[in-house]
Structure formats: C-alpha cells, structure tokens
Amino acid sequence: EFTRVDEMQCRHSLTRAGKGRHRPRARSPPMNTTTSFPVPWVRASSVAVFAAQLLGYVALSSIVEFAYYHRRRGDETSWKCQPRAIRPGDGDGDGDAHRRGSSRKKYAWGLPLLDLFASSSSSSSSSRGRHPKHATFASLNLLVSALFAGATAEATARGHSSLTSWTAPPLMSLVALVKIILWQSVLEYYWHRAMHAPRLYKRLHKYHHHYKSPRPFDDLFIHPLEAAGYCAILYSSAFVCGEVPIASFLAYMAIMGVCGIIDHCGVRFRVGFGFGFGERNGCGDGDGEKKSISKTITETTGADIGVEVYASRFHDLHHERFDVNYAFPFAFMDALHGTFAES
C-alpha cells in the first residue's frame, strides 16, 4: 500500500528517467585539420649567426692558408714569422715539395675536420705534422664557439642580454666598443696566465703550446675545457657590461675573430699609424737587420709606422718563447705586468 510520500518519490524518479532518455547527446568538437606549431625554440637569425661564425672562421683561415702556404710557398723569408720553422709536409726547403712552382699542384686543404675522415696517409694529421688530437679538439672547439655565438644571438632576441638596438649614436657605440674590448682583454690575460700554472699547463694548456710556430687552423687546438673558458670570457660582454649596441658587439666579435686567426697563422701582419718608426726584423733569425716585416701602411703610403697597434708576431713570439706576451689581442696588459716582449 502506497503512501502519499511513496507516490511522490515514484513520480520524481520517473520524471528524472524520462529527462535522461530524451536529453540530446553532447556533440564532440570538430577535428582540427590544420596543425598548429608553438613558437620556435630557436630563431632563424640565431641559426644564421651560428653558421656565420662557423663558416667565417673556415673561410678566413682557408684564404690565409692558400694565399701564403700554397701560393707563396718557397718564399717564406718574405712573409713568415718564423721562416726557418718547417713542419713535416712543408718540405725541407730544398726539395721539389717546397718550391713554389711544383707545390701549387700539391695543395691540401688544412681543415682539421677532414683529418677525422681521412682515408689516405697523405691527408692525415701525422703527415701534416699535427698532434694526434688536433682534428678532434679543433673541430669540437669550432662547433662550441659557433654554438656560443648562436646562443648569444638567441638570448638577445629573447631580451636576455644587454645588447641594445642598432640606432645608438656613433660616440656611444665607440665607447661601448672600447669598454667591452677592455673587459675581454683583462679577463683573458689573467685566464691565460692561470693556464700557465704548472698543474693547469700540464693538464690543459700544454696542448695549445704543442706548436712553437703556429699556422692556419692551429688556433683552435686547445683542450675543450680551456676553450669553453675562453668562449665564456669572449661572450660575457654581451651580458655583464651594461648596455652595448649590437653594432658595437659585432665590431668587437669581428676584431676578436680576425685577430685570433691572424695571431696563429704564422704570417707577419701589423696595423699601426704615425711617423718615423723603424724596427728590427724580430723574426727569430737573429740577423737584426733593419727592414719591413710585412706589407703594411709603410709599403702602401711610403711613410713609416710610428705606433704599432697590432702585430701578429706578438703572439707568435709567445708560442716561441712561452713566458712572454700573454695578452690578446692588444699588448697593454703585458706592458702593465712586465711580460711584454717586443715583436
């Protein structure tokens, strides 16, 4: 026997069941036929900077190598910092392999990466007089330096660096350029001096000093840990030196990149200006003859250079003598610390 309460509960249950049977099913959202990609984690401009760093190094080193070690082979006394320093593969100075006319046909590109895949002994590191680890270290360090360049470009694009716009006034750009060069020069000098401490030298820096007379593609033969430290110093100015116009940073990188290659190419280059300046040969020959050491402003204008701003022989002398000229690329830190030796 139903009570009034039971009847009301029964009607309520039937009503809910009826609503459930006639409730329309929810439609699924239409499938998206187009794929949406998130913001790229690396911008195309950063990839371009990476490629420019890598290919620019290879191009300039190759040009210097071809122009001097191939085209002017056999005439080393006129252009080489240490003309008497001959490596295996250079010839003995008397044979056909060392004469300009015949050696041009035997030119072999010195890119270290090729030695990793060389199948013939003629193109191996040993035949070039290179350290067995040269190809591995140099190739890895070139890749890492390009990655530093690309990472700095990416950080700048995301607003995480101190680099500013291109539209800075010329004076501000010049001041910023001098500031970051000073920053790099100070840190690099003390870092380099630290690498000459006995323990660090034995474990790291000794590799770089394997070559007493460096030539193209030798500059990146550094222990990877030491090379990473140099890269950190080089690119730190984009983050810790206050606002720096992008144009100033690019000029700074161009100076450091070119000087790094020229410092280790074994070819005599110098940049300067002024008047009435003569110098001794300083090429390790001991003749002390007073003469020009390269094709410089002196040769093109007829005026002697009074102030030498940069000379490739400066760092070449560090490889030859070991305990002088630690600075890069300018000599003022050596002058301040008494480690400067005239080049």
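Residues numbered from 1 in each chain as written. Predicted model: local features only at pLDDT ≥ 70, side-chain atom pairs only at ≥ 80, totals over all residues. Heavy atoms only, no water.

Trainee: Explanation requested: the nonpolar core in the structure shown.
Mentor: Nonpolar side chains tend toward joint burial in soluble globular proteins. Val244, Phe249, Tyr252 and Val267 are the most contacted members of the largest nonpolar core, which has 27 residues in total. With residues near it in sequence (within four places) discarded, valine 244 still touches Ser162, Leu163, Thr164, Ala176, Lys179, Ile180, Ser237 and Phe249. Counting residues in hydrophobic clusters, the runner-up holds eight residues, among them Leu111, Ala138, Phe217 and Leu220. (Core = buried A, V, L, I, M, F, W, Y, C linked by side-chain atoms within 4.5 Å. Buried < 20%, exposed > 50% of the residue type's maximum accessible area, 1.4 Å probe, protein only. Contact = heavy atoms within 4.5 Å.)

Trainee: What is the right way to look at the packing of helix H6 (residues 170–195) against helix H9 (residues 246–263) in this model?
Mentor: What describes two packed helices is the angle between their axes and the distance between those same axes. Between H6 and H9, whose axes approach to 9 Å, the crossing angle comes to 45 degrees. In terms of their interaxial angle, H6 and H9 are classed as oblique. The interaxial crossing formed by H6 with H9 has right-handed handedness. Residues Ser173, Ala176, Leu177, Ile180, Ile181 and Gln184 of H6 pack against Ser248, Phe249, Ala251, Tyr252, Ile255 and Met256 of H9. Taken together, the residues of the contact of H6 with H9 sort by class into nine nonpolar, three polar and no charged. (Axes fitted to C-alpha atoms, helices over the stretch in contact; angles between N-to-C directions. Helix = DSSP H or I, 4+ residues; strand = E, 2+ residues; numbered from the N terminus. Parallel < 35°, antiparallel > 145°, perpendicular 65-115°, else oblique. Left-handed = near helix turned anticlockwise from the far one by under 90°. Nonpolar A, V, L, I, M, F, W, Y, C, P; charged D, E, K, R; others polar.)

Trainee: So what exactly am I meant to see when it comes to the side chain of histidine 196 here?
Mentor: As for its position among the elements, histidine 196 is in the loop between H6 and helix H7 (198–205). For histidine 196, a relative accessible area of 13% gives the class buried. Within the structure, histidine 196 has its side chain in polar contact with the side chain of histidine 205 (distance 3.3 Å). In contact with histidine 196, not counting residues within four places along its chain, are Tyr201, His205, His209, His318, Phe322 and Tyr326. (Polar contact = N/O pair within 3.5 Å; in protein donor to acceptor, adjacent residues only side chain to side chain.)

Trainee: For this particular structure, what's the right way to read helix H2 (residues 44–70)?
Mentor: Two residues of an α-helix separated by three or four positions point the same way, owing to the 3.6 residues in each turn. The end-to-end C-alpha distance of H2 is 37 Å, a good match for the 39 Å that 27 residues give at a rise of 1.5 Å each. Taken together, the buried positions of H2 are occupied by Ser46, Tyr57, Val58, Ser61, Ser62, Val64, Glu65, Tyr68, Tyr69 and His70. (Expected span 1.5 Å × (residues − 1).)

Trainee: Is there a simple way to think about the environment of aspartate 316 in this case?
Mentor: Here aspartate 316 lies in helix H11 (residues 312–321). Relative accessible area serves as the criterion here: at 1%, aspartate 316 is assigned to the buried category. As for aspartate 316 and isoleucine 262, which are separated by 54 residues in sequence, their C-alpha atoms are 9.6 Å apart. With sequence-adjacent residues up to four places away left out, aspartate 316 is seen in contact with Cys81, Gln82, Lys212, Pro214, Asp263 and Gly266. Of the polar contacts made by the side chain of aspartate 316, one reaches the side chain of glutamine 82; its length is 2.7 Å.

Trainee: Looking at this structure, I do not really get the packing of aromatic side chains. What am I missing?
Mentor: Between two aromatic rings, the relevant description is the distance of the centres plus the angle of the planes. As enumerated under the stated definition, the model contains 16 aromatic pairs in all. Relative to tyrosine 190, the ring of tyrosine 189 has its centre 5.5 Å away and its plane inclined at 80 degrees; by these criteria the two rings are edge-to-face. Taken together, a centroid distance of 5.1 Å and an interplanar angle of 90 degrees make the contact between tyrosine 201 and phenylalanine 322 edge-to-face. With tyrosine 201 in helix H7 and phenylalanine 322 in the loop between H11 and helix H12 (332–337), this residue pair connects regions lying 121 residues apart in the sequence. A relative accessible area of 19% places tyrosine 201 in the buried class. What makes phenylalanine 322 partly exposed here is its relative accessible area of 33%. Members of the aromatic cluster, connected to one another through ring pairs, are Tyr68, Tyr69, Trp79 and Phe269. The aromatic ring of tyrosine 326 is capped on one face by arginine 193, whose charged end is 4.7 Å from the ring centroid. (Phe/Tyr/Trp six-rings, centres within 6.5 Å; stacked < 30°, edge-to-face > 60°. Lys NZ or Arg CZ within 6 Å of the ring centre and 35° of its normal.)

Trainee: Looking at this structure, how should I read the pattern of salt bridges?
Mentor: When charged atoms on two side chains of opposite charge get close, those side chains can pair. All told, the structure shown has seven salt bridges when counted by the stated rule. A salt bridge links arginine 158 to glutamate 154; the nearest nitrogen and oxygen atoms lie 2.7 Å apart. For glutamate 320, the salt bridge is made with arginine 313, and the minimal N-O distance between the two is 2.6 Å. Within the structure, one salt-bridge network assembled from shared partners comprises Arg43, Glu154 and Arg158. (Salt bridge = Lys/Arg side-chain N within 4 Å of Asp/Glu carboxyl O.)

Trainee: I tried to follow the packing of H2 against H9 on my own but got confused; where do I start?
Mentor: Interaxial distance between H2 and H9 falls to 10 Å at its minimum, and their mutual angle equals 35 degrees. Of the two possible hands of crossing, H2 and H9 adopt the one that is right-handed. For the pair H2 and H9, the contacting residues are Tyr57, Leu60, Ser61 and Val64 in the first and Val258, Ile261 and Ile262 in the second. Partitioning the contact of H2 with H9 into residue classes produces six nonpolar, one polar and no charged.

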